[in-house]
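Summary of the model geometry
Now for the letters of each chain:
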2 protein chains.
Amino acid sequence: MTLPPSPRHKPPTIHDVARLSGKSKSTVSNVIRNAPGVNPQTRESVQAAIAELGYQLNIVARQLVQQRSAVIGVVVGDLANPFYAEMAKFIENFASSRGFQVMFCNTQVDEDVELTGIRNLIEHRVAGLMFLAYAGDAAGARHVVADRLPVVFVTCAADWGDVVAVDDFAAAAAATRHLIALGHRRIAYFADSVREEKADTDRRGGYAGALADAGLEPLVLRWHRKPHTVVAEGVIVPVETILTGVGRVTAVFAANDLHAIDVLDCADRAGLRVPHDLSIIGFDDVALARIARIGLTTIAQPKEMLAELAVDTLTQRIKGELQGGFIRHSLDFTLISRATTAKAPIDDDRHSA
Amino acid sequence: MTLPPSPRHKPPTIHDVARLSGKSKSTVSNVIRNAPGVNPQTRESVQAAIAELGYQLNIVARQLVQQRSAVIGVVVGDLANPFYAEMAKFIENFASSRGFQVMFCNTQVDEDVELTGIRNLIEHRVAGLMFLAYAGDAAGARHVVADRLPVVFVTCAADWGDVVAVDDFAAAAAATRHLIALGHRRIAYFADSVREEKADTDRRGGYAGALADAGLEPLVLRWHRKPHTVVAEGVIVPVETILTGVGRVTAVFAANDLHAIDVLDCADRAGLRVPHDLSIIGFDDVALARIARIGLTTIAQPKEMLAELAVDTLTQRIKGELQGGFIRHSLDFTLISRATTAKAPIDDDRHSA
DNA sequence: TTGAAAGCGCTAACAT
DNA sequence: ATGTTAGCGCTTTCAA
């Protein structure tokens, strides 16, 4: 059954349709666009010609003359992170139900990749931009975008576009206070390697703030080699030391569920009982967080609402239905207490020097 | 800091650049395209003008005249499935490193959604199509595509495009034989609800084949309400009955890791010990399959290689570097034995009537 | 109700 | 080495 791909012929244009139906290009255009005031007979004969030729609209040409497109560019840090994947899916769904296509650009949280990605998107004249995360301080991105098109930040924030997000700072503070209320005093923050995105910054801020309010010291950890070592205050340390060494941490607030699950896995492999020996709280409420074997305590974001609101905001800006200053939608987060957090171990302070 | 978005002015064109630099449009075009034979002085002054105006190429216009684009359309069944998300990420990466943008279309394994998605992609004149999964018998899709552009199937197969995939049938048979070799005789197949995609069909085929070879009866289960009920031979049954009732199943082959993890979760909640009471094998080797708490035995696909080969095949077809009959790349799969499979319980046959 | 003509921003012969 | 010109496939006045 393996037939050779046939040579591809140029697709038919409205001109071909016009000739075949004996009408003019503009009339054909009128029926394609469902313009009013076309003789039903004419419409039918044109449609017959369209069917016969297998004509399919060339959106590129339309876009050139109309000077607008119906595709939105979505900048995402890491599609392999289930949270972003879920968000991407929702966004694609809502966009497509509103007549918009989506072009993704996965940045790996690398500013250069991000910048060329944005440049490409703009060169393609996407109608709007959506950031699901952004790298660096966004000054570069801002410069490239240069106010050329509407942009909305979902799940992250900046002052040069509309924002649809949860208050990361407050949510992180709530997560941290949850741990503090359970009696934990040495609470670490686990996040991505050196590079830090906006949400990360805010969450670390909320964490540090809550600790400061309680008179506690922060300990910010960033993965060095994923399941083995982290860098703490500039020095590389085995995760095991952090979790089991002298002055060990009894609780962890992870910047997202993926990190939380990694920490959980480290704890398992180190023979630590969670939550008895170690409490872990994540962020995002990824689908897998709720299975019995994981049961991750986490901060849930209303993913679908975030996506819908973001798409609506962006499409309204695109259509000019929304004008004026940037708006910030702040949605509610929920702390979902499952099986990875519990009272701090009582021998907690004995081990600390 | 919330400044109102400024009114968006039309972006500068090569015409503006030409005027500012005192050169002609074609010269400007020449420097943009890095055409040879441009006076260095000229080039510089043009570039100065470009910088001053903040000119950015309009790819839409270029695409219209060149009659080709550098975006490939990717049709994916469910972005929220980590396997597809990982694949999507790899594909995006390889494509972008080869100068191609990617437009995704998430179909929810719904044929209508898929069809309009493909239609949109074609109207946007994507240079090629990539299917990460497709719904239905693909006759509809084939008709819409109508040989207009190159298409490659990754991770699934069809006879009207190039194929880059693992042999799903053989892999499923291997997975099933693994279970049979462990002494299991009542082995169920778990898959998506009513709708079935290509990979699903093949895997079920391999499963049924291996069982038949061993003189065993297949039991095909499709989720009805996700974590609670399945439909077996047309009737709705609680999962718990399948796993713990009379004549219960002692092993499960899941069409993908997501289903496998769901089954694992059901088993956990039903108080079953895995793998002591129930063996489970999945398919895909999703990132989470390898954490200690899951330790899922599964069939691994070489994701990155699949993605790279698929992108290369497609881009070569697009550039005409690859001609002639469709090729089928069949990559090797690996059975990774972890902690969810073990010998069948000895009391196995006593319960069966 | 339909058609003719101009033009969107760019590229690619072809002249110069 | 640079400029002139003619489109790419469509939409959109404006006339007929």
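Heads up: the structure comes first, above all this text.
Each value, and the rule that gives it
- Residues numbered from 1 in each chain as written.
- Chains lettered and ligands numbered in written order.
- Predicted model: local features only at pLDDT ≥ 70, side-chain atom pairs only at ≥ 80, totals over all residues.
- Helix = DSSP H or I, 4+ residues; strand = E, 2+ residues; numbered from the N terminus.
- Buried ≥ 20, exposed ≤ 12 C-beta atoms within 10 Å, placed from the backbone.
- Contact = placed C-beta atoms within 7 Å.
- Near = placed C-beta within 6 Å.
- Nonpolar A, V, L, I, M, F, W, Y, C, P; charged D, E, K, R; others polar.
- Least-squares fit on C-alpha atoms with pLDDT ≥ 70 in both.
- Pairing = 2+ DSSP bridges.
- Axes fitted to C-alpha atoms, helices over the stretch in contact; angles between N-to-C directions.

A separate point is the environment of B:Ala191. Residue and element names in this part refer to chain B. Within the element layout of this structure, Ala191 appears in strand 6 (residues 187-191). Given 24 C-beta atoms within 10 Å, Ala191 falls into the buried group. In sequence terms Ala191 and Thr116 are 75 residues apart; their C-alpha atoms lie 25 Å from each other. Sequence-distant contacts of Ala191, that is, excluding residues within four places in its chain, are made with Asp200, Arg204, Arg222, Ala255 and His259.

With that settled, the discussion passes to the protein's contact with DNA strand D. Neighbouring residues of DNA strand D: 27 residues in total, closest A:Thr13, B:Ser24, B:Ser26, B:Asn39 and B:Val65. At the level of secondary structure, the elements contributing two or more residues to the surface near DNA strand D comprise helix 2 (25-32) and helix 4 (59-66) of chain A together with helix 2 (25-32) and helix 4 (59-66) of chain B. Among the elements that take part in the surface near DNA strand D, helix 4 of chain A stands out by supplying 5 residues, more than any other. Split into classes, the residues belonging to the surface near DNA strand D amount to 9 nonpolar, 12 polar and 6 charged.

Copy one and copy two of the chain differ by a rotation about a common axis and a shift along it. Superposing chain A onto chain B takes a rotation of 180° plus a shift of 0.1 Å along the axis, which leaves an RMSD of 0.1 Å. Both copies are brought into coincidence by an operation consistent with a two-fold rotation axis. Ranked by how close their C-alpha atoms come to the rotation axis, the residues of chain A are headed by A:Met103, at 2.3 Å. Most of the interface of chain A is mirrored in chain B, where 100% of its interface residues are also at the interface.

Time to look at the sheet that holds strand 11 (residues 279-284) of chain A. Adjacent strands of a sheet pair through backbone hydrogen bonds, lying either parallel or antiparallel. All names here are of chain A. Spatial ordering of the open sheet is given by 9-8-7-6-10-11-12-14, a layout of 8 strands whose pairing is mixed. Pairing within the sheet leaves two strands with one partner each, and these edge strands are strand 9 (235-238) and strand 14 (334-336). Each strand of the sheet is rotated relative to its neighbour by a mean of 30°, with strand direction disregarded. In the sheet, strand 6 (residues 187-191) pairs with strand 10 (residues 251-254) via 4 bridges, with the strands oriented parallel. The residue bridging Tyr189 from the neighbouring strand is Phe253, located in strand 10. Contacts from helix 9 (residues 198-213) reach strand 6, strand 7 (219-225), strand 10 and strand 11, with the element oriented near 175° to strand 6.

Turning next to the interface of chain A and chain B. Interface size is often expressed as the accessible area that is lost when the parts come together. The partner chain B presents 53 residues to the 53 residues of chain A that form the contact. Mapped onto the side of chain A that touches chain B, the elements with two or more residues apiece are helix 4, helix 5 (82-97), strand 2 (101-106), helix 6 (111-123) and helix 11 (257-269) of chain A. Here the side of chain A that touches chain B takes 7 residues from helix 5 of chain A, the largest share from any one element. When grouped by side-chain class, the residues that make up the side of chain A that touches chain B number 27 nonpolar, 13 polar and 13 charged.

Read these as spatial facts, not as claims about activity.
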